[in-house]
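Chain residues, written in single-letter form:
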Amino acid sequence: PLFPYPTLFRSENGRHLTGRQPLTVAGNAVNNVEITLEPYSILSGKVVLNQAADFPLSNFRVSLEPHSDSAPVTSVSVATDGTFSAPYVPGETYDIFLLDGPPEAYLKSIRIGGFDILRTGFKAEGGPLPAVELMVSMKGARISGEVSDGPTKVALGATVVLIPDPAYGRVQDYHSTSTDEYGWYKFQGVAPGRYTLASWWDKPPCEIYNLESLDACREAGVPVTVREGEQKMINIKLFRRAPSR
């Protein structure tokens, strides 16, 4: 089998170092593997609001999440002017997430080198990268409603999930909550687009993060389309599995 990138991490004189080396493992032992350690590369960028808002940029945090398990997640604070610097491991592909924003906010675009990488992430090659711009909108859509369990009962404490359609595998594109004591749910800061809205108690109708499994959730839920800043009230039925025979 191929173990693509054995990776090492260490600190020296206050600097974080990392190194990786492609490695093919066959039937024999592999000895004397050398990995050169180098300082982390730095991604610089800025968080920008696309409309005036009374929200301090320094409340945001930026997270770089690698697609593989061979590099750590990086989370850094944003300065008062919106700038940030985040270390990354060359050779990885990263998604960029924006954390700790207000409920109505959503990440509208991530531009680096003239391209929007919101859906694809970026390949962290060696050498300096262009500065990245994270554009934030304070006009996320709001979706709320009641979950019913049969014609007369409401579903208390049920899971309610908003699944993007098409789904891209980004965790932050999904929204999840639970119904309150009255069977009501609410989502805020929803990016414009198409979604599947579904609710259940115990076992979900599909593996919601498995792109090949989502047809079952589409059948159990309802389609939803929202525009920026739109507010919708949608009542749905609780999904229940058919009794096994």
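Right above here is the structure, for reference.
Okay, so let's go over this structure. Since we're looking at a predicted model, the values are computed, not measured.

What counts as what
- Position labels on residues start from 1 in each chain and follow its written sequence.
- For a predicted model such as this one, the threshold for reporting local features is a pLDDT of at least 70, and the threshold for listing and counting side-chain atom pairs is 80 or more; totals across whole chains, interfaces and linings nevertheless cover every residue.
- Heavy atoms throughout the structure, all of them, feed into the side-chain values; hydrogens and water do not.
- Secondary structure elements follow DSSP: runs of H or I no shorter than four residues count as helices, runs of E no shorter than two count as strands, and numbering proceeds from the N terminus.
- The definition of a polar contact used here is a pair of N or O atoms within 3.5 Å, where within protein one atom must be able to donate a hydrogen and the other to accept one, and adjacent residues in sequence count solely through side-chain atom pairs.
- Between two residues, a contact is recorded if the distance between any of their heavy atoms is within 4.5 Å.
- Note on terminology: disulfide denotes any pair of cysteine sulfur atoms within 2.5 Å.
- Using a 1.4 Å probe on the protein chains alone, a residue whose accessible area is under 20% of its type maximum counts as buried, one over 50% counts as exposed, and one in between counts as partly exposed.
- We call Phe, Tyr and Trp rings a pair once their centres come within 6.5 Å, taking the six-membered ring for Trp, and we label the pair stacked below 30 degrees between planes, edge-to-face above 60, and tilted otherwise.
- Salt bridges are counted wherever a side-chain nitrogen of Lys or Arg sits within 4 Å of a carboxyl oxygen of Asp or Glu.
- Pairing between strands requires that DSSP locate at least two bridges from one strand to the other.

## Considerations on the side chain of Ser63
In step 1: Take Ser63: it is sitting in strand S7 (residues 61-66).
In step 2: A polar side-chain atom of Ser63 sits 3.5 Å from a polar atom in the side chain of Glu65.
In step 3: At 3.5 Å, the side chain of Ser63 and the backbone oxygen of Thr74 are in polar contact.
In step 4: Sequence-distant contacts of Ser63, defined by excluding residues within four places in its chain, comprise Val73, Thr74, Ser75, Asp95, Ile96, Phe97 and Leu99.

## Some words on the state of the cysteines
In step 1: All told, the structure shown has one disulfide when counted by the stated rule.
In step 2: One disulfide bridge connects Cys206 with Cys217, the sulfur atoms lying 2.1 Å from each other. Since a negative S-S torsion denotes a left-handed disulfide, the Cys206-Cys217 link at about -90° is left-handed. With Cys206 in the loop between strand S20 (193-200) and helix H1 (214-220) and Cys217 in helix H1, the pair connects residues that are 11 residues apart, well separated along the chain. One exposure class covers both Cys206 and Cys217, and it is buried.

## Focus on the packing of aromatic side chains
In step 1: This model, assessed by the stated rule, comprises six aromatic pairs.
In step 2: Summarising the aromatic geometry, the rings of Tyr88 and Phe122 are spaced 6.1 Å apart at their centres and angled 85° between planes, so their arrangement reads as edge-to-face. One end of the pair, Tyr88, is in strand S9 (residues 83-88); the other, Phe122, is in strand S13 (residues 122-123), and 34 residues separate them in sequence. Taken as a pair, Tyr88 and Phe122 share a single burial class, namely buried.

## Let's talk about the pattern of salt bridges
In step 1: Overall, the coordinates contain seven salt bridges when judged by the stated rule.
In step 2: Its salt-bridge partner being Arg218, residue Asp215 comes within 2.7 Å of it at the nearest N-O pair. Of this pair, Asp215 and Arg218 are both found in helix H1, three residues apart, which corresponds to roughly one turn of the helix.
In step 3: A salt bridge links Glu230 to Arg227, with the nearest nitrogen and oxygen atoms 3.7 Å apart.
In step 4: The class for Glu230 is buried, based on a relative accessible area of 17%.
In step 5: One salt-bridge network, in which partners are shared between bridges, spans Asp149, Lys153 and Arg240.

## Let's talk about the sheet that holds strand S8 (residues 74-77)
In step 1: An order of S8-S7-S10-S13 is seen for the four strands of this open sheet, with the pairing classed as antiparallel. The open sheet has two edge strands with one neighbour each: S8 and S13.
In step 2: Bridge count for S7 against S8 is four bridges, and the pairing is antiparallel. Bridge assignment links Val62 to a residue of S8, and that residue is Val76.

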